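# Structural characterization, general
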Amino acid sequence: MPLSKEVKKHTYADYLTYPADERWEIIDGIPHMQSVPTWQHQVVSVQLASQFNDYLKGKPCRVFTAPFDVCIPEYDESDEEISNIIAQPDIVVVCDESKLRKTGYFGVPSLIVEIASLSTARNDKLFKFNKYEKTGVKEYWIVEPDTKLVSVFILQNNNRYGRPELFTETDNVKVSIFPDLVIELSTVFDFE
């Protein structure tokens, strides 16, 4: 009988031991090193975060940008140290400040934006998509700077993301969790 080669599942406790000058995420206990974002990525991030931040001033929700840890419990985890989903989304909107602690947010954010690149697209569109859906993130955006395309996924009553709404750089996006917020994509994708 062959010996099983069990793969170690990394947790938040392990994550805290990683070098501080490196960006890591852990999805299903598997660590993923993050690459340095492009300047286009940074333009998109700053412009989106600015629009969210301007809207949220004086409201109970807050916007955060990477690097910012989001530890999402897949089950009812009372011990934060055992969480095996630690993401660093590009933009996060949280509406429960009681879950802000240590290096970020311990819970399910209301909205997450991932800005995809060649090195992150697979994780953003597959692994993170499935985890964000399963754990109940109400609204998930995947922004693609190369094609100037935004896919917006809204959590439906059946706890699944519906068909994505697709937007280009000439569109405005009405944010479902904030019905009076409209994001202008022309300023988000203001680069050649």
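Structure's up top.
Residues numbered from 1 in each chain as written. Predicted model: local features only at pLDDT ≥ 70, side-chain atom pairs only at ≥ 80, totals over all residues. Heavy atoms only, no water.

Here we take up the environment of Ser 110. Mapped onto the elements of the fold, Ser 110 is located in the loop between strand 8 (104-106) and strand 9 (111-115). Through-space distance from the C-alpha of Ser 110 to that of His 10 is 25 Å; in sequence the pair is 100 residues apart. When near neighbours in sequence (up to four residues on either side) are disregarded, Ser 110 contacts Val 93, Cys 95, Val 137, Lys 138, Glu 139 and Ile 177. (Helix = DSSP H or I, 4+ residues; strand = E, 2+ residues; numbered from the N terminus. Contact = heavy atoms within 4.5 Å.)

Two cysteines whose sulfur atoms are joined by a covalent bond form what is called a disulfide. Taken as a whole and assessed by the stated rule, the structure comprises one disulfide. The partner cysteine of Cys 61 in its disulfide is Cys 95, sulfur to sulfur 2.0 Å. Across the S-S bond of Cys 61 and Cys 95 the torsion is about 110 degrees, and the bridge reads as right-handed. Highlighted residues: Cys 61 in the loop between helix 2 (39-56) and strand 3 (62-65) and Cys 95 in the loop between strand 6 (91-94) and strand 7 (100-101), separated in sequence by 34 residues. Look at Cys 61 and you get buried, because its relative accessible area is 9%. Sulfur of Cys 71: no disulfide; nearest cysteine sulfur belongs to Cys 95 and is 18 Å away. (Disulfide = S-S within 2.5 Å. Buried < 20%, exposed > 50% of the residue type's maximum accessible area, 1.4 Å probe, protein only.)

Within the secondary structure layout, Asp 69 lies in strand 4 (residues 69-71). Separated by 2.4 Å, the side chains of Asp 69 and Tyr 15 make a polar contact. In terms of polar contacts, Asp 69 uses its side chain to reach the side chain of Thr 103, at 2.5 Å. When residues no more than four places from it in sequence are discounted, the contact partners of Asp 69 are Tyr 15, Ile 86, Ala 87, Gln 88, Thr 103, Gly 104 and Tyr 105. (Polar contact = N/O pair within 3.5 Å; in protein donor to acceptor, adjacent residues only side chain to side chain.)

This structure, assessed with the given rule, holds 16 aromatic pairs. Between Tyr 132 and Tyr 140 the ring centres are 4.9 Å apart and the planes differ by 80 degrees, which places this aromatic pair in the edge-to-face class. The pair Tyr 132 / Tyr 140 is uniform in exposure class, with both members buried. A network of ring pairs unites the aromatic residues Tyr 12, Tyr 15, Tyr 18, Trp 24 and Phe 106 as a single cluster. The ring of Tyr 55 carries the charged tip of Lys 59 above its face, separated from the ring centre by 4.3 Å. The cationic tip of Lys 148 hangs over the ring face of Phe 191; the distance from NZ or CZ to the ring centre is 4.9 Å. (Phe/Tyr/Trp six-rings, centres within 6.5 Å; stacked < 30°, edge-to-face > 60°. Lys NZ or Arg CZ within 6 Å of the ring centre and 35° of its normal.)

For the rest of this paragraph, the subject is the nonpolar core. By size, the foremost hydrophobic cluster in this structure holds 28 residues, and its most contacted members are Leu 48, Phe 52, Trp 141 and Ile 183. Only helix 2, strand 6, strand 9, strand 10 (139-144), strand 11 (149-154) and helix 4 (185-188) provide two or more residues apiece to this core. A per-element tally of this core places helix 2 first, with six residues. If you look at the next biggest cluster of nonpolar residues, it comprises 18 residues, including Ile 72, Ala 87, Phe 129 and Phe 153. (Core = buried A, V, L, I, M, F, W, Y, C linked by side-chain atoms within 4.5 Å.)

Quick look at unusual backbone geometry now. For the peptide bond that leads from Ala 66 to Pro 67, omega is 0 degrees, which places it in the cis range. Its location among the elements puts Pro 67 in the loop between strand 3 and strand 4. With a phi close to 50 degrees, Lys 148 is a non-glycine residue in the positive phi region. Summarising the element assignment, Lys 148 is placed in the loop between strand 10 and strand 11. Not every positive phi belongs to a glycine, and Asn 159 is a case in point at roughly 60 degrees. With respect to the helices, strands and loops of the structure, Asn 159 is situated in the loop between strand 11 and strand 12 (165-168). Its relative accessible area of 53% is what places Asn 159 among the exposed residues.

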